[in-house]
Each structure stands twice: as C-alpha cells, then as structure tokens.
Amino acid sequence: MSKQMSHLDNIPSTPGKFKMDKSPYIHNRLRWHSSLAKLTFWSFMFLGLILIFFFRSPSSNPLPQDPSRRSLRTYNWGGPAWEKRVRSSARIRSRNGISVLVTGAAGFVGTHVSAALKRRGDGVLGLDNFNDYYDPSLKRARQALLERSGVFIVEGDINDSALLRKLFEVVAFTHVMHLAAQAGVRYAMENPGSYVHSNIAGFVNLLEVCKFANPQPAIVWASSSSVYGLNTKVPFSERDRTDQPASLYAATKKAGEEIAHTYNHIYGLSLTGLRFFTVYGPWGRPDMAYFFFTRDILKGKSISIFEAANHGTVARDFTYIDDIVKGCLAALDTAEKSTGSGGKKKGPAQLRVFNLGNTSPVPVSDLVSILERLLKVNAKRNIMKLPRNGDVQFTHANISLAQRELGYKPSTDLQTGLKKFVRWYLSYYSGGKKAAG
Ligand SMILES: O=C(O)[C@H]1O[C@H](OP(=O)(O)OP(=O)(O)OC[C@H]2O[C@@H](n3ccc(=O)[nH]c3=O)[C@H](O)[C@@H]2O)[C@H](O)[C@@H](O)[C@H]1O
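Residues numbered from 1 in each chain as written. Predicted model: local features only at pLDDT ≥ 70, side-chain atom pairs only at ≥ 80, totals over all residues. Heavy atoms only, no water.

- An unreviewed UniProt entry lists the chain under the name UDP-glucuronate 4-epimerase, with Gossypium gossypioides as the source organism.
- UniProt, in its Subunit (unreviewed entry) section for the chain, records the words "Homodimer."
- What UniProt states about the chain under its Catalytic activity (unreviewed entry) heading is, verbatim, "UDP-alpha-D-glucuronate = UDP-alpha-D-galacturonate". (UniProt positions renumbered as here; feature names shortened; annotations may be inferred.)

As structure tokens, this is what we get:
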C-alpha cells in the first residue's frame with residue numbers, strides 16, 4: 001500500500017503535462033496501470049455510494065421540512081365500515097340539498113363551512129391530512145366538534161389519487177368545497193415546497209379526479225386576497241391585475257386561478273375561486289397575527305407590529321368567519337353544473353372569481369388596541385419595519401361583484417368579531433388546560 005501510495009503521489013494533477021518517457025518509474029508501468037485501474041474502480045464505487053446517499057438521504061432534500069413528507073405517511077382508509085361512514089356523512093337530508101366533499105375540513109374555514117352545510121341538511125364529507133403546520137390538537141378538537149354534528153373527516157391527502165377516486169366511487173358528490181391548502185404568507189420563505197405540494201400539485205390532483213368523476217362536481221375553492229400583491233390601486237377589484245405577487249403563497253394561489261381556467265376550458269369543470277381577505281374568528285389559525293397577538297399579550301410577551309416606510313400604516317381588510325361562510329355557501333348554491341363527463345368537455349362551463357372581504361381596512365395597530373381593551377391587558381408593542389418576506393402593506397376589497405352575484409353582504413366589524421374570538425379563545429384555552437401553540 002505504501003508503495004502504491006508513492007506512485008499515486010507522483011501522478012500529476014494535470015494528466016496532459018505528464019511526460020511518460022521521463023518517468024523514473026517507466027519500468028514499473030504495468031504495475032502502475034493496474035494501480036490506476038484499481039484507483040479508478042474504487043473511485044467510481046465511492047462516487048456511486050455518495051450519489052446513492054445523496055439522493056436517498058432526507059437531509060439532501062433542498063426543502064428539509066417539506067410537509068409532503070408528512071403526507072407520505074400512510075393513512076388508513078377503505079373497508080365496508082369506513083365506506084358506511086363516508087356514505088352516511090355525505091347523505092343529503094334536506095330537499096334540494098347538495099352533497100359536498102370539503103377538503104381541509106379540519107382547518108379553520110373548513111370546519112365552519114362543513115358545520116354550516118350540515119346544519120342546513122346538506123351531505124358533507126370532510127377530508128384532511130392533519131399536518132402539523134400548526135398545533136394538530138386544535139385540528140383534532142375541530143374534528144371532534146364536526147363529529148358531534150355528524151360530519152366524518154376522512155384522514156388523507158389531496159395528493160392521494162387512489163383515495164380521491166375511491167371517495168367519488170362511494171359518493172356522487174355534486175360539489176367540492178376545496179379549502180385544503182398551505183396557508184400563511186411568511187412561512188413560504190421557510191418551506192416553499194409545501195406550497196407547491198398542496199396549492200399546486202394537490203389542486204391539480206383533485207381536478208384530475210374531478211374531471212373523470214361522473215357526474216363531474218362543481219368546484220368552489222379558496223384563492224386569496226394576496227393575489228393582488230403589490231397593487232396600489234384600492235379597493236382591489238376582480239378586474240385588477242394580479243401579476244405581481246409578493247410571496248410564494250400568493251404566487252401559488254394565482255397559479256391556482258390559472259389552473260382553474262385551464263380545467264374549465266378543457267374539461268368543462270365549473271370552477272369558482274374565492275379571494276378571502278384575512279379571515280379571523282373563533283377556532284381560527286394560530287399562525288395568524290390576531291391569534292398569536294392575543295396569546296402573547298396574555299403572556300406579557302412583546303408583539304411585533306409592522307409599519308411601512310416613513311411610518312406608513314399597515315392595514316388589513318379583516319373579514320369575520322361567519323361572513324366568509326355565507327359567501328362560501330352562496331358560491332356553492334349559485335355554482336352551475338360542470339358540463340363534461342368521462343374526462344371530456346361537452347360545452348362551456350361556469351368560471352368565476354370573487355373577492356370575499358369586509359370593505360373596511362383596519363390598521364394593525366388598531367387591531368392591537370381592540371385586543372388590549374377586550375383582554376384588559378396592555379400589549380408590549382415593538383414597532384418593526386415591515387419585513388420583506390411576503391407581507392403587503394394593505395388590503396381592501398371591492399365586493400360589488402360578490403354582492404351582485406352571491407348576495408354577499410358582510411355584517412361583522414372587527415370590534416364585534418374580535419369580541420367573539422376572544423370569548424372563544426379564553427374558554428378554549430381556559431385554566432391553562434391547553435397551551436396555545
Ligand atoms: O388574505 C389572505 O389571503 C391571507 O390572509 C392572511 O395573511 P395576512 O393578511 O398576512 O394575515 P396575518 O399573518 O394574520 O397578518 C395580519 C397583519 O398583521 C401584520 N403582522 C403580522 C405578524 C406580525 O408579527 N406583526 C404584524 O404586524 C401583517 O403585516 C398583516 O398586516 C392569511 O394568513 C393568509 O393565509 C391568507 O389567507
């Protein structure tokens with residue numbers, strides 16, 4: 001080995017400069033050749049091992065926290081008892097009722113929409129992957145709530161075609177309320193892959209299954225106010241440009257709108273996108289500012305309040321959950337049937353986009369003042385420059401289209417809505433039984 005090493009040490013790094021004739025080892029050429037062959041062989045072996053390790057190792061994934069991994073977890077579904085629960089949950093119990101598959105049913109909006117549909121006698125089946133983007137125990141609590149009103153949530157991922165096909169085999173859903181998504185504008189910098197996985201790949205997968213369903217369902221789905229991105233003209237109207245998103249989240253929602261256009265155009269799927277404006281309320285999302293401000297104010301922790309350049313106000317058109325639910329139900333009720341069958345379009349189908357906002361933007365600092373009054377605790381305010389991580393300075397919805405076509409008329413101001421949220425928050429997390437995550 002030491003001899004071979006001395007040979008190797010003498011191999012020039014640039015083979016072209018290697019003058020064989022002058023080599024003092026010329027008489028050892030044969031031995032040298034065999035060493036070189038061995039070296040080449042082992043080098044290839046070594047390289048191969050590194051490549052195998054690289055492609056199989058989880059840490060080699062450029063998106064280390066990709067929740068698609070979470071959804072690769074196997075879910076138990078199928079079997080006669082499971083099918084019976086699916087059928088029973090989706091059974092229509094009122095005249096002219098509809099049967100709706102609600103994706104993201106254990107989510108904030110999903111839970112409220114599912115409960116409202118069930119209350120009026122529609123058939124509702126939930127689907128959710130219960131991922132851990134935020135505290136899954138809150139999702140489980142929402143699931144328990146729905147369970148009590150007769151809504152079964154199937155555990156599974158919208159990327160699972162076999163599961164989706166099975167659901168459509170068991171139930172002829174008239175509608176899909178598609179709310180499963182990776183939400184949050186700032187988290188997109190941390191985990192971009194999860195947005196592509198849920199908001200693009202998952203949406204396409206769902207549409208692929210819907211296009212083959214017989215009958216094809218009408219689909220209503222959650223887009224976002226964030227598609228207006230860096231627009232400065234207010235209020236935001238559906239006719240405005242949506243080509244300058246400020247976050248990957250916004251870009252995936254915008255992509256969703258284009259994908260919806262394609263599936264409507266090629267396959268005759270009836271598609272309605274709803275641009276939600278910062279939805280808040282009881283059972284809300286702990287990753288949203290009003291929610292974690294409440295938690296941190298109560299804990300005496302300081303909160304960061306963003307402001308734009310030159311002390312510019314950052315404001316949101318905060319929209320209360322009950323108003324959003326009314327908008328969702330109206331969108332389902334006015335959705336026309338899809339026109340295709342067997343994956344083929346038979347005629348033009350409905351394609352719509354609506355703003356669902358509140359039409360009165362409130363500065364974030366005012367939101368904090370309202371919370372202080374309701375919680376009877378002063379916030380420790382830390383004013384910060386609006387970070388360049390996806391946030392836009394303000395949102396403001398023009399809702400005249402939704403008003404005209406859906407009869408949408410939001411009626412809850414931020415003060416009233418936050419009062420309801422705080423009441424829920426205090427009772428849900430009462431006595432420190434549960435820690436707000
Ligand atoms: O309408 C939407 O489509 C989106 O609405 C929501 O996004 P946003 O409007 O950004 O809500 P949210 O994070 O609660 O921040 C609220 C305000 O607090 C400010 N904000 C935030 C954090 C902080 O630490 N400080 C702060 O001032 C912040 O600058 C902002 O002005 C949903 O999360 C998103 O999933 C999507 O549905």
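## Some thoughts on the overall build of the chain
At step 1: Scanning the chain for helices and strands turns up 14 helices and 13 strands.
At step 2: Burial analysis of the chain (437 residues in total) assigns 53% to the buried set. (Helix = DSSP H or I, 4+ residues; strand = E, 2+ residues; numbered from the N terminus. Buried < 20%, exposed > 50% of the residue type's maximum accessible area, 1.4 Å probe, protein only.)

## Looking at the environment of A260
At step 1: Considering the arrangement of structural elements, one finds A260 in helix α9 (residues 248–267).
At step 2: A residue is classified by how much of its surface remains accessible, and A260, at 2% relative accessible area, is buried.
At step 3: Placed 41 residues apart in sequence, A260 and I219 show a C-alpha to C-alpha distance of 9.5 Å.
At step 4: In this view, A260 contacts W221, L271 and L351; residues no more than four positions away in its chain are not counted. (Contact = heavy atoms within 4.5 Å.)

## Considerations on the sheet that holds strand β5 (residues 218–224)
At step 1: Sheet architecture is open: 7 strands sit in the order β3-β2-β1-β4-β5-β6-β11, paired in parallel fashion. Whereas interior strands pair on both sides, the edge strands pair on one side only; in this sheet they are β3 (152–155) and β11 (351–356). Taking each pair of neighbouring strands and ignoring which way they run, the sheet shows an average axis angle of 20 degrees.
At step 2: Across 4 bridges, strand β1 (residues 99–103) lies against strand β4 (residues 175–178) in parallel orientation. (Pairing = 2+ DSSP bridges. Axes fitted to C-alpha atoms, helices over the stretch in contact; angles between N-to-C directions.)

## Examining the packing of helix α4 (residues 80–90) against helix α7 (residues 161–170)
At step 1: Closest axis-to-axis distance for the α4/α7 pair is 10 Å, and the angle between their directions is 65 degrees. Viewed along their axes, α4 and α7 form a crossing whose handedness is right-handed. Taking contact as the criterion, the partners of W82, E83, V86 and R87 in α4 are, on α7, L163, K166, L167 and V170.
At step 2: Residue composition of the contact of α4 with α7, grouped by class: 5 nonpolar, no polar and 3 charged. (Left-handed = near helix turned anticlockwise from the far one by under 90°. Nonpolar A, V, L, I, M, F, W, Y, C, P; charged D, E, K, R; others polar.)

## Notes on the packing of aromatic side chains
At step 1: Scanning all chains against the criterion turns up 31 aromatic pairs.
At step 2: In textbook terms, an aromatic cluster arises when at least three aromatic residues are bridged by ring pairs, as seen for Y280, W283, Y290, F291, F318, Y320, F421, W424, Y425, Y428 and Y429.
At step 3: The ring of Y134 has K139 sitting right over it, with the charged end atom 4.6 Å from the ring centre.
At step 4: Over the face of the ring belonging to F130 we find R140, whose NZ or CZ atom lies 3.7 Å from the ring centre. (Phe/Tyr/Trp six-rings, centres within 6.5 Å; stacked < 30°, edge-to-face > 60°. Lys NZ or Arg CZ within 6 Å of the ring centre and 35° of its normal.)

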